[in-house]
Amino acid sequence: MTEPLYDPEAERAVIGGALIDAVSLFDLAGVVVPGDFHDVNLSHVWQALMAIASERDVIAGTGEVNTVLLRAEMMRRGTWVPGQFSGTTVLLSDIVDDMATSAHAMTHARLVAELAARRRIRDAGRVMQLEAVDLTKPFESVASRAVTAIASAQTASRSAALGPAAHAGGVD
């Protein structure tokens, strides 16, 4: 039996950790990119969080990130559509309410990034499978595209800060 390559609770925990401790947002951003979120709504939330953090002095501890600013940023970006995302306010409030602390947010971020990397590798495998059975394409072209597909998956994973150090059980 195969496991799903996403963890909704971990994705919510990353968002919650960033909302509870805005300074940790920069550490989390070194591990997770918006495309790592399987849930498209959470990907939009993460993009908005990144924009808010870059515009405010969050890293110095004088700025803040909260659900009001987040909603405003999402509205500005056009990713908050009343009616379509009417539950997003409740979702954000629930995420914050469910998080007692941001202490494990980095662990959750690493899990989200790893699962995203595995999805990229799975998707690259699917592309390679389709290419391999198309006998009208030259073998060299198929082999080259296979190498490119895997390299792209690896590059995306590295940019999301995966690697042996991410799984060494370090302090979060």
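Throughout what follows, the structure given in this document is the object of discussion. (Residues numbered from 1 in each chain as written. Predicted model: local features only at pLDDT ≥ 70, side-chain atom pairs only at ≥ 80, totals over all residues. Heavy atoms only, no water.)

Attention now moves to the overall build of the protein. On a plain count of helices and strands, the protein comes out with seven helices and zero strands. Along its sequence from the N terminus, the protein presents helices and strands in the succession α-α-α-α-α-α-α. Classification of the 172 residues of the protein by burial places 36% in the buried group. Accessible area of the protein: about 9,600 Å², with a carbon and sulfur share of 58%. (Helix = DSSP H or I, 4+ residues; strand = E, 2+ residues; numbered from the N terminus. Buried < 20%, exposed > 50% of the residue type's maximum accessible area, 1.4 Å probe, protein only. Areas by Shrake-Rupley, 256 points an atom, 1.4 Å probe, with all protein chains shown as cover.)

So, on to the side chain of Ser43. Along the polypeptide, Ser43 turns up in helix α3 (residues 40–55). Those residues in contact with Ser43 that sit more than four places away from it in its chain are Pro34, Gly35 and Phe37. (Contact = heavy atoms within 4.5 Å.)

To continue, consider the packing of aromatic side chains. Under the definition given, this model contains one aromatic pair. Between Phe37 and Trp46, the aromatic rings sit 5.6 Å apart at their centres with planes inclined by 45 degrees, giving tilted as the arrangement. As far as burial versus exposure is concerned, Phe37 and Trp46 are alike and both buried. (Phe/Tyr/Trp six-rings, centres within 6.5 Å; stacked < 30°, edge-to-face > 60°.)

Look at helix α1 (residues 8–20) against α3: their axes get within 10 Å of each other, and the N-to-C directions meet at 25 degrees. Taken together, α1 and α3 sit at an angle that is classed as roughly parallel. At the point where α1 passes α3, the crossing takes the left-handed sense. Where α1 approaches α3, its residues Glu11, Arg12, Val14, Ile15, Ala18 and Leu19 are matched on the opposing element by Leu42, Val45, Trp46 and Leu49. Residue composition of the contact of α1 with α3, grouped by class: eight nonpolar, no polar and two charged. (Axes fitted to C-alpha atoms, helices over the stretch in contact; angles between N-to-C directions. Parallel < 35°, antiparallel > 145°, perpendicular 65-115°, else oblique. Left-handed = near helix turned anticlockwise from the far one by under 90°. Nonpolar A, V, L, I, M, F, W, Y, C, P; charged D, E, K, R; others polar.)

So, about the pattern of salt bridges. Per the counting criterion, the structure on display carries eight salt bridges. A salt bridge links Lys137 to Glu131, with the shortest nitrogen-to-oxygen separation between them at 3.1 Å. When its relative accessible area of 33% is taken as the criterion, Lys137 is described as partly exposed. The class of Glu131 is buried, set by a relative accessible area of 8%. The closest approach of N and O atoms between Arg145 and Glu131, which form a salt bridge, is 3.1 Å. With Arg145 in helix α7 (residues 139–159) and Glu131 in helix α6 (residues 105–133), this pair connects stretches of sequence that are 14 residues apart. By sharing partners, the salt bridges in this structure join Glu73, Arg76 and Arg77 into a single network. (Salt bridge = Lys/Arg side-chain N within 4 Å of Asp/Glu carboxyl O.)

If you check α6, its first and last C-alpha atoms are 42 Å apart, about what 29 residues at 1.5 Å a residue would give, namely 42 Å. Every buried residue of α6 is accounted for by Ala105, Met106, Ala109, Arg110, Val112, Ala113, Leu115, Ala116, Ala117, Arg119, Ala124 and Glu131. (Expected span 1.5 Å × (residues − 1).)

In this section: α1. Here α1 is 13 residues long and its end C-alpha atoms lie 18 Å apart, about the 18 Å a rise of 1.5 Å per residue gives. If you check which residues of α1 are buried, you get Ala10, Glu11, Ala13, Val14, Ile15, Gly16, Gly17, Ala18 and Leu19. Two or three places before Glu9, at the opening of α1, Asp7 has a side-chain oxygen 3.1 Å from that residue's backbone nitrogen. (Polar contact = N/O pair within 3.5 Å; in protein donor to acceptor, adjacent residues only side chain to side chain.)

Honestly, that's just the spatial picture; any functional story needs more than this.
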